[in-house]
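If you want the building blocks of each chain, they are given just below.
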Amino acid sequence: MQTYLLSQQINSRSSAENSTACPANATICDGTSCVLAEDDFNQTLSTVLSTILTTMLALVMFCMGCNVELKKFWDHVKRPWGIFVGFLCQFGIMPLTAFLLSLIFSVLPVQAVVVMIMGCCPGGTASNIVAYWVDGDMDLSISMTTCSTLLAMGMMPLCLFIYTKMWTDSDAIVLPYKSIGLSLVALVIPVSFGMYVNHRWPSKAKIILKIGSIAGAILIVIVAVVGGILYRGSWTISPKLWIIGTIFPAAGYTLGFFLARLSGLSWQRCRTVSLETGMQNTQLCSTIVQLSFTSEQLELMFTFPLIYSIFQILFALLILAGYRVYRRHRVKTNTDVEKTEEKEDSKSTSSHAKTNGGFVSDETK
């Protein structure tokens, strides 16, 4: 009975909201929401690129691990205040924000569920790459990503059970524990090798890190472009999901930063927690969505993980640009202050020397 009512709500509301015709080759079509038929090109491209991107990601995480010191990493584990704050942000702020956005915009039940799934996902590995570029605490970033992925095994079912009751039965949502486990393995093993290299060969680790940071930035762009190619037939979707996909990551970054600051963390760790909160594992969300819903339901929210992914990257780039401008201005200002102080010291020394009949060295001129 509940499934029947859900499908009736979807049909009635989607027909009222959507009016634009779909492409002629769309197999699933309902107004502005449509999904094109899968073709051999998409399947082949998806398989090839998935293999390449997985390999690249492992290499990038190995490079990121070269910036992690075992002692500092272990300190975060022994005194996990930063990790605990990140946990509150990841599985407290994000699910609650998803729930409130779904209520405020009054989206369809199945659309509300996909927003909730995104809010309950653990942090993505892209946050580690961006954290490096904004001079974040890499030890905290890696430990937060690892812990959130591990804790997602229990926290995702709990959060979905709490928040999705009013829209659907939580048992209908299939959680791919295998995918979560593989994500954890793909993170832990390369990072562990990177930490070992940093411990044994620190100078070589710095070179590897520089290469990996550039490769990571390129990887983020490639993932966004590939997503656009693979899902090029599913861009027409409810405007409400576009709005939520824009607001949601921005809210995650902002709320994560302020909660970290209220918790007394340093500015460096606040930036780290902010990125870990806003950047979600969108690939995991896409997998859960495809496993849990029928083709008719997928048409109404299939592209939301990709929309979120695009805007989380755009806002992360804005954060990076803003930080770089701030850092350049601060360094410039500090340099000017130091030069002024040096001149004043020089004048003071010269005056003192003349008064006492001493001499002025070349260094003080």
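Residues numbered from 1 in each chain as written. Predicted model: local features only at pLDDT ≥ 70, side-chain atom pairs only at ≥ 80, totals over all residues. Heavy atoms only, no water.

- The chain is annotated in an unreviewed UniProt entry as Ileal sodium/bile acid cotransporter of Corythaeola cristata.
- In UniProt, the chain has this text filed under Sequence similarities (unreviewed entry): "Belongs to the bile acid:sodium symporter (BASS) (TC 2.A.28) family."
- Quoted verbatim from the Subcellular location (unreviewed entry) heading of the UniProt record, the comment on the chain is "Membrane". (UniProt positions renumbered as here; feature names shortened; annotations may be inferred.)

**Some points on the overall build of the chain**
Here is step 1 of the chain: In terms of helices and strands, the chain carries 14 helices and 2 strands.
Here is step 2 of the chain: Within the chain, buried positions represent 45% of all 365 residues.
Here is step 3 of the chain: Once local pairs closer than 6 in sequence are excluded, the contacts in the chain between residues at least 24 apart make up 81%.
Here is step 4 of the chain: Accessible surface computed for the chain: about 18700 Å², of which carbon and sulfur atoms make up 65%. (Helix = DSSP H or I, 4+ residues; strand = E, 2+ residues; numbered from the N terminus. Buried < 20%, exposed > 50% of the residue type's maximum accessible area, 1.4 Å probe, protein only. Contact = heavy atoms within 4.5 Å. Areas by Shrake-Rupley, 256 points an atom, 1.4 Å probe, with all protein chains shown as cover.)

**Description of the UniProt feature "transmembrane region" (unreviewed entry) in the chain**
Here is step 1 of the chain: As recorded in UniProt, the feature "transmembrane region" (unreviewed entry) lies at residues 48-70, 82-108, 142-163, 175-195, 207-229, 241-260 and 300-323.
Here is step 2 of the chain: Secondary structure across residues 82-108 divides into 85% helix and 0% strand, with the first and last C-alpha atoms of the span separated by 36 Å.
Here is step 3 of the chain: The span residues 175-195 carries 90% helix and 0% strand; its end-to-end C-alpha distance comes to 31 Å.

**What to know about helix α7 (residues 138-163)**
An α-helical turn contains 3.6 residues, so any two residues separated by three or four positions project in the same direction.
Here is step 1 of the chain: The terminal C-alpha atoms of α7 lie 32 Å apart, and with 26 residues this falls more than 12% below the ideal 38 Å at 1.5 Å per residue.
Here is step 2 of the chain: The sharpest bend along α7 measures roughly 60° and falls at Ala152.
Here is step 3 of the chain: Where α7 starts, the residue carrying a side-chain oxygen 3.2 Å from the main-chain nitrogen of Asp139 turns out to be Asp137. (Expected span 1.5 Å × (residues − 1). Bend = angle between axes of the 7 residues up to and from the residue. Polar contact = N/O pair within 3.5 Å; in protein donor to acceptor, adjacent residues only side chain to side chain.)

**Section: the packing of helix α3 (residues 70-78) against α7**
Here is step 1 of the chain: Running from N to C, α3 and α7 point in directions that differ by 55°, and their axes come no closer than 9 Å. The pairing of α3 with α7 is recorded here as oblique in orientation. Crossing hand, α3 versus α7: right-handed. Between α3, through Lys72, Phe73 and His76, and α7, the contact on the second element is made entirely by Asp139, Leu140, Ile142 and Ser143.
Here is step 2 of the chain: Broken down by class, the residue content of the contact of α3 with α7 amounts to 3 nonpolar, 2 polar and 2 charged. (Axes fitted to C-alpha atoms, helices over the stretch in contact; angles between N-to-C directions. Parallel < 35°, antiparallel > 145°, perpendicular 65-115°, else oblique. Left-handed = near helix turned anticlockwise from the far one by under 90°. Nonpolar A, V, L, I, M, F, W, Y, C, P; charged D, E, K, R; others polar.)

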